Amino acid sequence: MALRGVWQLKKLVVSFSDWGGSSRGIRAFMESHLPAFKEANPQLEVDTEMIRGQHPHLKAFYKNHNDRVVCVKNMDPEEILLHATRLRNALGRKVIKLRTRHVTKHPSVQGTWTTALKY
Amino acid sequence: MIFRLFGLFTMHTPIRRCLQALTRQSQPTLSLFKDPLSLRLLSSAALLNHNISSPLLPIFTNSKPTSAFGQWHHGRYFSSSKQDDHIKEGGTHEIGDEDDDSDGDDDDDDDDYDEEEGDYEDEDDDTVAVSSRKKVYTEEEKEAEAEAIGYKVVGPLQKNDNVFKPYEPAFAVVQIGSHQFKVSNGDSIFTERLKFCEVNDKLILNKVLLLGSPSQTIVGRPIVPDGAVHAVVEEHALDAKVIIFKKKRRKNYRRTKGHRQELTKLRITNIEGVEKPLNELVEKPSKSAKKEREKVAVSA
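Residues numbered from 1 in each chain as written. Chains lettered and ligands numbered in written order. Predicted model: local features only at pLDDT ≥ 70, side-chain atom pairs only at ≥ 80, totals over all residues. Heavy atoms only, no water.

- In the annotation of an unreviewed UniProt entry, chain B is listed under the name Large ribosomal subunit protein bL21m and assigned to Medicago truncatula.
- According to its UniProt record, chain B has this under Sequence similarities (unreviewed entry): "Belongs to the bacterial ribosomal protein bL21 family." (UniProt positions renumbered as here; feature names shortened; annotations may be inferred.)

- As annotated in an unreviewed UniProt entry, chain A carries the name Large ribosomal subunit protein mL43 and comes from Medicago truncatula.
- Database annotation for chain A, UniProt heading Subcellular location (unreviewed entry): "Mitochondrion".
- UniProt's Sequence similarities (unreviewed entry) comment on chain A is quoted here verbatim: "Belongs to the mitochondrion-specific ribosomal protein mL43 family."

Pasting the structure below:
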């Protein structure tokens, strides 16, 4: 997730509950993997937030003002790390089907072929 | 004693196979078993030499205890729980002792077939992790080989160098995996997920099939050896979900499966190996640029 060298993920909010059982994985993640994740990504602003009575989730805020929410209830810390890494690796673009696999502004270098062309 | 030897002589193929296994592994000196008669003679001699403890299985007792049972124990085939696979290494000897009471012929057949499979299963069981990607590429050489198959070389990470140049009128046909793209400077490409590179990594795509510019075209046979295309990994993301729906009408068969393909977005930064025109072109191709495109000179 880096458009021309600029990281696109601005902020990652780790929401958890200290009582609920569905937050057990994310609490373990916060102790084991989160410090390493923070050090590996110094450009990223990582916040932890406690929300009681709700399932845990990861909120990602991107530079194009998009946000993505991933619910991590009942997940292992390794899975949560995978989801966090995926959020960091992605651009903030909308998840829709790709139109083309090749995006270019200059489709032709030697001139577009026409039937009237003579070599 | 004589009765049991007589029984051995009457049972042909399983005994011959297991005797071959015995001679192959534990007794390298007894390698001449072309004739069944000679084989039986050798086996009988071998059996007589080894003091046979259990009457039903003369082969499995003292000669090769660990190797036979190490190959035999496949927890998956007998239990549905994956915990037994982890117990495998610690519990080989315990379960091996239990196998003494079972039929020897079945063990013989499975041993010959499963010698190679056992090693692969060990590797798979040791690396059971949360995610589906279990293989750990410990050596960097392996990564280099895999990259060569995928026609990309990872360079160092991005530093403070200006890699993103303005548009240059040059293109290249580059192959990544099994897909080919006609790329130019500043394009972005979605490929299948490239394993050994992170975001903001520099790549060099070295399988270049065609290079072109307004003044020159180079056709590779099949690759241009000096051609290189530099790219930067922009993102690793999942595609939108595709629902795979299968139905057979009037047969009560309906399946729904979701699939998200893992993609990598690359931004092409530089194309090397072609001579590019010196004068900087404006955004819109002018008439002078079209006149420069003469008959292409093909050089291999």
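1. Points about the pattern of salt bridges
Any two side chains of opposite charge can pair, so long as their charged atoms come close to each other.
Residue and element names in this part refer to chain B.
Working step 1: Per the counting criterion, the structure on display carries 9 salt bridges over all chains.
Working step 2: The residue Arg193 makes a salt bridge to Glu262 at a minimum N-O spacing of 3.2 Å. Of this pair, Arg193 sits in the loop between β4 (188-192) and β5 (201-205) while Glu262 sits in strand β11 (residues 262-272), placing them 69 residues apart in sequence.
Working step 3: Given a relative accessible area of 30%, Arg193 falls into the partly exposed group.
Working step 4: Residue classification places Glu262 among the partly exposed positions, given a relative accessible area of 22%.
Working step 5: Among the ionic contacts, a cluster of salt bridges with common partners joins Glu234, Lys265 and Arg267. (Salt bridge = Lys/Arg side-chain N within 4 Å of Asp/Glu carboxyl O. Helix = DSSP H or I, 4+ residues; strand = E, 2+ residues; numbered from the N terminus. Buried < 20%, exposed > 50% of the residue type's maximum accessible area, 1.4 Å probe, protein only.)

2. Here's the deal with the environment of Lys257(B)
Residue and element names in this part refer to chain B.
Working step 1: Relative to the elements of secondary structure, Lys257 occurs in strand β10 (residues 253-259).
Working step 2: With a relative accessible area of 58%, Lys257 lands in the exposed category.
Working step 3: Between the alpha carbons of Lys257 and Ile243 there is a distance of 5.6 Å; along the sequence they are 14 residues apart.
Working step 4: Once residues lying within four places of it in the same chain are set aside, the contact partners of Lys257 are Val242, Ile243 and Ile244. (Contact = heavy atoms within 4.5 Å.)

3. So, the packing of aromatic side chains
Each aromatic ring pair is specified by the distance between its two centres and by the angle formed by the two planes.
Working step 1: The tally for this structure, following the rule as stated, stands at 0 aromatic pairs over all chains.
Working step 2: Seen from the ring of Phe171(B), Lys182(B) lies directly overhead, with NZ or CZ sitting 4.6 Å from the centre. (Phe/Tyr/Trp six-rings, centres within 6.5 Å; stacked < 30°, edge-to-face > 60°. Lys NZ or Arg CZ within 6 Å of the ring centre and 35° of its normal.)

4. So, the environment of Glu168(B)
All names here are of chain B.
Working step 1: The topology assignment puts Glu168 in the loop between β1 (153-157) and β2 (171-176).
Working step 2: In this structure the C-alpha to C-alpha distance between Glu168 and Pro277, which are 109 residues apart in sequence, comes to 8.5 Å.
Working step 3: Beyond its immediate stretch of four places on either side in the chain, Glu168 contacts Ser184, Asn185, Asn270 and Lys276.
Working step 4: Within polar-contact distance, the side chain of Glu168 engages the side chain of Lys276 at 2.9 Å. (Polar contact = N/O pair within 3.5 Å; in protein donor to acceptor, adjacent residues only side chain to side chain.)

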